[in-house]
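Now for the letters of each chain:
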Amino acid sequence: MIQLEFNEAEAEALNHERYHHPHPRVQRKMEALWLKSRGLRHKEICRLTGISSATLTSYLRTYQGGGLEAIKEVKFYRPASELQAYRGTLEEYFRAHPPATAKEAMEKIEQLTGVRRSPDRVRVFLKSMGMQCRKVGMVPAKADPQGQENFKKNR
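Residues numbered from 1 in each chain as written. Predicted model: local features only at pLDDT ≥ 70, side-chain atom pairs only at ≥ 80, totals over all residues. Heavy atoms only, no water.

What follows covers the confidence of the model for the chain. The predicted model of the chain has a mean per-residue pLDDT of 88, with 94% of residues at 70 or higher. Per-element confidence in the chain ranges from a low mean pLDDT of 81 for helix H8 (residues 145-154) to a high of 95 for helix H3 (residues 42-49). (pLDDT = per-residue confidence, 0-100. Helix = DSSP H or I, 4+ residues; strand = E, 2+ residues; numbered from the N terminus.)

Structure below.
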């Protein structure tokens, strides 16, 4: 059990932040710490706030190590794609040479970067760069090949 001592100024700050902080996760942390400052047992704090004892211990250790400012930090784990390092190069290339299919883009990305991704992940990456798939219709049997080439170059 982690023992913490709270002075009145800290307790007032916790009381204010548990209602007025813009992020709900931080509000929950502040609520748990405020209840701790009021002398409640850990089991009771967990029941009232709906968190586990391990989460409460984590909140208390964070407060113990960095104070109120450490509790206010919101950290989310967001993995970054390996392709982000090559984003500028790939975007420049694909703007100049738009791929016809996701598989074509996948092969070109592998050639340029050495990173292999599935067609679905390549679509997501291209969409994050602002590119989108164009829906095409069937090409009629007696299409004008010169007209098709003009369409590709001008669009």
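Turning our attention to the environment of Gly114. Considering the arrangement of structural elements, one finds Gly114 in the loop between helix H6 (102-113) and helix H7 (119-128). Sequence separation between Gly114 and Ala54 is 60 residues, and the spatial gap between their C-alpha atoms is 42 Å.

Next up on the list: the pattern of salt bridges. One pass over the full model with this rule turns up 10 salt bridges. Between Glu91 and Arg95 there is a salt bridge, with its nearest N and O atoms 3.5 Å apart. Of this pair, Glu91 and Arg95 are both found in helix H5 (residues 87-96), four residues apart, which corresponds to roughly one turn of the helix. Residue class for Glu91 comes out partly exposed when judged on its relative accessible area of 24%. Arg95 sits in the partly exposed class, given a relative accessible area of 45%. (Salt bridge = Lys/Arg side-chain N within 4 Å of Asp/Glu carboxyl O. Buried < 20%, exposed > 50% of the residue type's maximum accessible area, 1.4 Å probe, protein only.)

So, about the nonpolar core. Of all hydrophobic cores here, the largest spans 18 residues; its most connected members are Leu33 and Leu56. Secondary-structure elements contributing two or more residues to this core are helix H2 (24-37), H3 and helix H4 (53-72). No other element matches the six residues that H2 contributes to this core. Ignoring anything within four residues of it in the chain, the contact list for Leu33 reads Phe6, Leu14, Leu60, Tyr63 and Ile71. If you look at the next biggest cluster of nonpolar residues, it comprises 12 residues, including Met106, Ile109, Val115 and Met129. (Core = buried A, V, L, I, M, F, W, Y, C linked by side-chain atoms within 4.5 Å. Contact = heavy atoms within 4.5 Å.)

Across all of its chains, the model carries two aromatic pairs by this definition. Seen from their ring centres, Tyr93 and Phe94 are 5.5 Å apart, and the 70 degrees between their planes marks the pair as edge-to-face. Classification of Tyr93 as partly exposed rests on a relative accessible area of 23%. (Phe/Tyr/Trp six-rings, centres within 6.5 Å; stacked < 30°, edge-to-face > 60°.)

Note that Thr49 resides in helix H3. Judged by its relative accessible area of 16%, Thr49 falls in the buried class. Polar contacts involving the side chain of Thr49 include one to the main-chain carbonyl oxygen of Ile45, which spans 2.7 Å. Look past the residues within four positions of Thr49 in its chain and what remains in contact with it is Arg28, Glu31, Ala32 and Leu35. (Polar contact = N/O pair within 3.5 Å; in protein donor to acceptor, adjacent residues only side chain to side chain.)

Our next topic: H3. Every buried residue of H3 is accounted for by His42, Ile45, Cys46 and Thr49. The buried residues of H3 occupy an angular sector of 100 degrees when the element is viewed end-on, so they sit on one face. Those residues of H3 that are exposed and angled more than 90 degrees off the buried face are Lys43 and Arg47. (Arc of directions from axis to C-beta.)

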